[in-house]
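Below are the chains, spelled out letter by letter.
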Amino acid sequence: MGNFMSCSSSQSKQVKKKPFSKRFSSYKENNNRSSSNRWNNKKEKFSDDSLLNQQEAIAAALLFQQQQNGGAFDRSSSLRYTNTSNKHTLPRSSSSRARSISDTILQPHQLLNQELKIDELETSHFVLVHGGGYGAWCWYKTITLLEEAGFKVDAIDLTGSGIHSCDTNTITTLAQYVNPLIRLLQNLPDAHKVILVGHDFGGVCISYAMELFPHKIAKAVFLAASMLTDGQSTLDMFKQSGSNDLMRQAQVFLYANGNDHPPTAIDLDKSLLRDLLFNQSPAKDVALASVSMRPIPFAPVLEKLSLSEGNYGTVRRFYIETAEDEAIPLSIQQNMINSNPPERVFRIKGSDHSPFFSKPQALHKHLVEISSIPAVEKCGNSVS
């Protein structure tokens, strides 16, 4: 992901992993405390909200783990803020007619789904591949929206990610890291195709899979992702594009083999997660990420991809830009697009690096639209 940018200087800057207890930011105490009841009430409310966010985050993680183990995703348990002050309050409408409680209220994704004819698509099977440090848990909103629309969805944990039991520090190759995705594609029937969606470093992972299984991939979607060219590594791409101070500050290199050896993984400073990855995302999703993210294996970041026109080049590629991204800024995304033009480019306005949290409806709209594109169109068309 965009946090790899100072890797080239890792040998000279030997950073030891910070103690876990020091990696979370703390709120400064107010020296001018008031004894008024109003201030005390605000303090109690703030504490309650923080506790609620943490509880919701853990609940979401448990729900997703249950789903991965074969349980159904219970829509009624999805995490949403609700207004409990009046159970019969209806959503606002711009219509001049008073809305009746018996009126059918359709959400934007439901209106979109009404026009969708699943049976006429080349494939209705999405495979969602998370980015560096994330896990399958990050797709919980996208999974729900796509399944409600009638799609089949698989979200995987790459090796050492999410609930996968492998120690991230032991991952030494890209093939090892991507293995769960490769096994999924290997087990598909020969005539079955999927739409791969890769976020962040997941773009490298789906590129690797496209080279191996082009006949099983109908379309590949790069979501704020590393979209490399042949012979390029993720580190190469970011060295060419440059990095910013926030990225460098967030990186903490791990040296499981000792400081006299190359880094084995990259961790992220928890106190900078919101600014770097979730600057437009709901607080409950930031809380979920803070208890779920894991270190990023370092070796795959250095590995150069081998991509051919006969395999990788035959798969239809699409790119979804994220306009308010601090991890892989829009300028870097556009550099990759210009160097390796996809069939079509979309953009999610107001999205941070994690659109599945900050703009789930807009992301869903673009994924459904991509699934419905029947034929190759001109490259470089940008849709906002």
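Quick notes on the rules
Residues numbered from 1 in each chain as written. Predicted model: local features only at pLDDT ≥ 70, side-chain atom pairs only at ≥ 80, totals over all residues. Heavy atoms only, no water. Core = buried A, V, L, I, M, F, W, Y, C linked by side-chain atoms within 4.5 Å. Buried < 20%, exposed > 50% of the residue type's maximum accessible area, 1.4 Å probe, protein only. Helix = DSSP H or I, 4+ residues; strand = E, 2+ residues; numbered from the N terminus. Contact = heavy atoms within 4.5 Å. Polar contact = N/O pair within 3.5 Å; in protein donor to acceptor, adjacent residues only side chain to side chain. Salt bridge = Lys/Arg side-chain N within 4 Å of Asp/Glu carboxyl O. Pairing = 2+ DSSP bridges. Phe/Tyr/Trp six-rings, centres within 6.5 Å; stacked < 30°, edge-to-face > 60°. Axes fitted to C-alpha atoms, helices over the stretch in contact; angles between N-to-C directions. Parallel < 35°, antiparallel > 145°, perpendicular 65-115°, else oblique. Left-handed = near helix turned anticlockwise from the far one by under 90°. Nonpolar A, V, L, I, M, F, W, Y, C, P; charged D, E, K, R; others polar.

Within an unreviewed UniProt entry, the label attached to the protein reads AB hydrolase-1 domain-containing protein, and the organism entered is Papaver nudicaule.

Before going further, it helps to spend a moment on the nonpolar core. Judged by nonpolar contacts, the single largest core of 45 residues is most densely connected at Trp139, Phe151, Val197, Leu277, Phe278, Met293 and Ile320. The element contributing the most residues to this core is helix 13 (residues 360-372), with four residues. Among the nonpolar cores identified, the runner-up in size contains 41 residues, and Ile206, Tyr312, Ile328 and Met336 belong to it.

So, on to the environment of Thr159. Structurally, Thr159 can be placed in the loop between strand 2 (152-156) and helix 4 (174-186). Measuring from C-alpha to C-alpha, the distance between Thr159 and Thr170 comes to 10.0 Å, with eleven residues separating the pair along the chain. Excluding residues within four positions of it along the chain, Thr159 makes contact with His164, Cys166, Ile171, Gln176, Tyr177, Asn179 and Pro180. Within polar-contact distance, the side chain of Thr159 engages the backbone oxygen of Gln176 at 2.7 Å.

This part covers unusual backbone geometry. A positive phi is found at Asp200, a non-glycine position, where the angle reads about 60 degrees. Look at Ala224: it is not a glycine, yet its phi comes out positive at around 45 degrees. Checked against the element boundaries, Ala224 lands in the loop between strand 4 (217-223) and helix 6 (234-241).

Scanning all chains against the criterion turns up seven salt bridges. For Asp285, the salt bridge is made with Lys141, and the minimal N-O distance between the two is 2.7 Å. A residue pair is termed long-range when its members are at least 10 positions apart, and Asp285 in helix 9 (residues 283-292) and Lys141 in helix 3 (residues 140-148) qualify at 144 residues. The residues Asp285 and Lys141 share a single accessibility class, namely buried. Between Glu343 and Arg316 there is a salt bridge, with the nearest N and O atoms lying 2.7 Å from each other.

Among the five residues of strand 1 (residues 125-129), five are classified as buried, and the element is accordingly described as predominantly covered. On strand 1, burial covers both faces: His125, Val127 and Val129 on one face and Phe126 and Leu128 on the other are all buried. Two strands pair when backbone bridges link them, and strand 1 and strand 2 are joined in this way by five bridges, in the parallel orientation. Residue pairing in the sheet places Leu128 in a bridge with Ala155 of strand 2. Judged from the four bridges that link them, strand 1 and strand 3 (residues 194-199) form a sheet pairing that is parallel. Across the sheet, residue Val127 finds its bridge partner in strand 3, namely Leu196.

This part is about the sheet that holds strand 6 (residues 265-268). One open sheet accounts for three strands, arranged 5-6-7; its pairing is antiparallel. Looking at strand neighbours, the two that pair on one side only are strand 5 (251-254) and strand 7 (296-297), the edges of this open sheet. Bridging between strand 5 and strand 6 involves four bridges; their strand directions are antiparallel. Within strand 6, the residue paired with Gln251 across the bridge is Leu268.

Aromatic ring pairs are defined here through the distance separating the ring centres and the angle between the ring planes. Under the counting rule described, the total for this entry stands at eleven aromatic pairs. Relative to Phe357, the ring of Tyr140 lies with its centre 6.2 Å away and its plane at 55 degrees, an arrangement referred to as tilted. In this pair, Tyr140 is assigned in helix 3 and Phe357 in helix 12 (residues 355-358), connecting sequence segments 217 residues apart. Ring-pair connections join several aromatic residues into one group, and the members of that group are Tyr134, Trp137, Trp139, Tyr140, Phe278, Phe356 and Phe357.

Quick look at the packing of helix 3 against helix 13 now. Viewed as axis vectors pointing N to C, helix 3 and helix 13 meet at an angle of 50 degrees, and their least axial separation amounts to 10 Å. Taken as axis vectors, helix 3 and helix 13 run oblique relative to one another. By crossing handedness, the relation of helix 3 to helix 13 is classed as right-handed. Contacts between helix 3 and helix 13 involve Lys141, Thr142, Leu145 and Leu146 on the former and, on the latter, Pro360, Gln361, Leu363, His364, Leu367 and Val368. Grouping the amino acids of the contact of helix 3 with helix 13 by side-chain chemistry returns six nonpolar, three polar and one charged.

A word on helix 9. With respect to burial, helix 9 is a largely interior element, eight of its ten residues being buried. Here helix 9 has its buried residues at Lys284, Asp285, Val286, Ala287, Leu288, Ala289, Ser290 and Ser292.

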